[in-house]
Amino acid sequence: MAEENEQKPFRILSIDGGGIRGIIPARFLCELESQVGKQKGEQVRMCDYFDLICGTSTGGIIAIGLALGMPASDILDLYRKNAQRIFGQSNIVFNLMRGIRMLTHAKHSNKGLVEVLEEAFAPYSSDGVTRLGHAKTRLVVPAYSAAQGKPVVFKTSHHPELTRDYQVPAYSVALATSAAPTYFSAQTFSYSDVITGRNSTMTNLVDGGVFANNPALIGLTEALSIGIELPQIKLLSIGTGSENFKEPYAHYPLKIKRAWGAASYWLNPLSGMPLIEMMMQGNSEIVNNTLKILSGGLGHAQQNNFQYDRLQVSFDGKTRVGLDTTVERKLKALDEQGSELYTREGSRIVSSYFERKSAPYTPSFSL
């Protein structure tokens with residue numbers, strides 16, 4: 001009887017943005033599914049164990065896939081096999097051409113990404129037009145409306161007032177949340193309402209990383225907004241790798257003028273466009289620090305308000321990987337870092353988050 005009255009944990013999975021570095025959380029989750037599957041003697045899906053999944057940019061792509069029931073191994077293959085299809089080749093000639101293109105256009109065409117996402121998500125609906133409403137657990141994916149100048153957070157219909165987003169095609173949401181400024185063009189798309197047949201249009205959406213590259217705080221807020229009590233929450237947040245920002249000209253003599261211009265450094269594709277990466281990393285770190293305080297108090301207070309686990313890997317100067325790299329040895333290094341992350345943290349996460357499946361998810365509105 002006591003077990004029936006016990007509050008069940010509400011488990012949240014959050015995945016950061018980070019371009020091709022999404023290989024890191026994809027590999028970690030792949031290892032996680034494999035290990036838990038061996039223990040339980042069945043195929044394991046993240047959507048059966050997490051009550052809410054949230055992700056931004058590349059994390060949004062992963063989150064959508066997982067929420068639809070896609071195995072993490074398939075998501076990992078999507079990244080490993082399609083890097084060049086998404087970002088094109090990576091060599092001096094192509095990098096120079098992209099640098100010139102960026103004067104007037106986004107660095108990459110999204111044609112390859114559109115094809116990859118449509119193909120990946122199509123099997124998860126009967127007609128191939130997979131929408132957010134086909135998700136098997138609650139899903140939250142941030143984007144930003146450049147047209148309206150405000151955040152747009154796509155959500156499944158896990159509350160009676162959430163009537164819009166479950167109709168939106170999954171690949172369109174994935175394209176919107178991953179449309180990183182300067183890398184991909186803003187997304188405008190139309191879709192039809194399956195009930196009324198009316199068309200709706202969303203205009204000029206860009207990467208949710210401009211305000212929530214680490215969406216863990218959005219996931220926590222969403223859980224609280226639907227009536228989940230704080231002590232019930234278990235929040236697993238997975239990053240895509242970080243590198244401490246260093247002044248690029250610190251070693252120059254003071255008399256030499258520092259070249260801090262947009263073309264010479266901040267938005268220079270040859271230097272990895274550090275402005276974008278610095279903003280995304282700073283965004284992720286402030287969310288992490290905020291959640292540490294909210295969950296455990298300031299300093300050594302150890303309040304244990306809710307469980308919060310943050311998993312992250314660090315790049316040093318030699319292992320830095322750009323958001324859009326397609327160099328095979330770097331892709332392999334990302335894969336290895338995901339495996340190493342599982343070796344360090346996997347057992348603890350398995351024992352804490354995979355004791356039993358979540359309660360079945362029933363949306364307020366169904367397709």
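Every value quoted in this text rests on a predicted model; they were computed, and no experiment measured them.

Within the protein, the secondary structure is distributed over twelve helices and eight strands. In the protein, which comprises 367 residues, the proportion classed as buried is 50%. Considering only contacts within the protein whose residues lie at least 6 apart along the sequence, 74% involve residues at least 24 apart. For the protein, the computed accessible surface area is about 17200 Å², with 52% contributed by carbon and sulfur atoms.

This brings us to the packing of aromatic side chains. Scanning all chains against the criterion turns up eight aromatic pairs. With centroids separated by 6.0 Å and ring planes inclined at 20°, the aromatic side chains of Y166 and F365 adopt a geometry described as stacked. In this pair, Y166 is assigned in the loop between β4 (150–155) and α7 (170–177) and F365 in the segment after α12 (328–353), connecting sequence segments 199 residues apart. Aromatic ring contacts, followed pair by pair, group Y49, F50, Y353 and F354 into a single cluster.

What follows deals with the environment of F87. Within the element layout of this structure, F87 appears in helix α4 (residues 72–87). Here F87 falls in the buried class, since its relative accessible area comes to 10%. For the pair formed by F87 and I20, sequence separation is 67 residues and the distance between their alpha carbons is 9.2 Å.

We now examine the environment of E336. Position of E336 relative to the elements: it lies in helix α12. Taking relative accessible area as the criterion, E336 reaches 39% and is therefore assigned partly exposed. Spatially, the C-alpha atoms of E336 and I23 are 9.4 Å apart, while their sequence positions differ by 313 residues.

Spanning 26 residues, α12 covers only 33 Å between terminal C-alpha atoms, well under the ideal 38 Å at 1.5 Å per step. Largest kink in α12: about 60°, centred on E345. Its buried side turned inward, α12 meets β1 (10–15), α2 (23–40), α4, β7 (233–238) and β8 (307–311).

Glancing now at the packing of helix α6 (residues 111–121) against α7. If you want to describe how two helices pack, look at the angle between their axes and the distance between the axes. α7 packs onto α6 with a crossing angle of 140° between their chain directions and a minimal axis gap of 9 Å. One finds that α6 runs oblique with respect to α7. In this structure, α6 crosses over α7, and the sense of that crossing is right-handed. Contacts from L113, V114, L117, E118 and F121 in α6 reach A170, Y171, A174 and L175 in α7. Of the residues assigned to the contact of α6 with α7, the class counts are eight nonpolar, no polar and one charged.

Applying the stated criterion across every chain, the model contains two cavities of 30 Å³ or more. Looking at the largest cavity, its volume works out to about 220 Å³. Lining the largest cavity are 18 residues, and of these G19, I20, T58, F87 and F184 sit closest to its centre. Listed by contribution, the elements that provide at least two residues to the lining of the largest cavity are α3 (58–68) and α4. In terms of residue count, the dominant contributor to the lining of the largest cavity is α4 (four residues).

It is worth spelling out the pattern of salt bridges at this point. Going through the model one piece at a time under the given rule, you end up with 15 salt bridges. A salt bridge links D48 to R45; the shortest N-O distance between them is 3.1 Å. A residue is classified by how much of its surface remains accessible, and R45, at 25% relative accessible area, is partly exposed. Notably, a salt bridge pairs R85 with E115, separated by 3.5 Å at the nearest N-O pair. Of this pair, R85 sits in helix α4 while E115 is found in helix α6, placing the two residues 30 residues apart along the sequence.

It is worth spelling out unusual backbone geometry at this point. Non-glycine residue T182 carries a positive phi angle of around 80°. Note on placement: T182 falls in the loop between α7 and β5 (187–192).

On to the confidence of the model for the protein. The share of residues in the protein with pLDDT of 70 or more is 83%, and the mean pLDDT across the chain is 87. For the stretch residues 1–5, pLDDT sits under 50, and the model shows one contact to residues farther than four places along the chain or on other chains.

What follows covers the environment of G209. Along the chain, the position of G209 falls in helix α8 (residues 209–212). According to the relative accessible area criterion, G209 is buried, its value standing at 8%. Along the chain, G209 and P181 lie 28 residues apart, while their C-alpha atoms are 9.5 Å from each other. Those residues in contact with G209 that sit more than four places away from it in its chain are T56 and N283.

Reading guide: rules and limits
- Residues numbered from 1 in each chain as written.
- Predicted model: local features only at pLDDT ≥ 70, side-chain atom pairs only at ≥ 80, totals over all residues.
- Heavy atoms only, no water.
- Helix = DSSP H or I, 4+ residues; strand = E, 2+ residues; numbered from the N terminus.
- Buried < 20%, exposed > 50% of the residue type's maximum accessible area, 1.4 Å probe, protein only.
- Contact = heavy atoms within 4.5 Å.
- Areas by Shrake-Rupley, 256 points an atom, 1.4 Å probe, with all protein chains shown as cover.
- Phe/Tyr/Trp six-rings, centres within 6.5 Å; stacked < 30°, edge-to-face > 60°.
- Expected span 1.5 Å × (residues − 1).
- Bend = angle between axes of the 7 residues up to and from the residue.
- Axes fitted to C-alpha atoms, helices over the stretch in contact; angles between N-to-C directions.
- Parallel < 35°, antiparallel > 145°, perpendicular 65-115°, else oblique.
- Left-handed = near helix turned anticlockwise from the far one by under 90°.
- Nonpolar A, V, L, I, M, F, W, Y, C, P; charged D, E, K, R; others polar.
- 1 Å grid on protein atoms, 1.4 Å probe; cavity = no way out; pocket = protein on both sides within 12 Å on 5 of 7 lines; lining within 4 Å.
- Points joined across faces, edges and corners; volume = space filled by probe spheres on them.
- Salt bridge = Lys/Arg side-chain N within 4 Å of Asp/Glu carboxyl O.
- pLDDT = per-residue confidence, 0-100.

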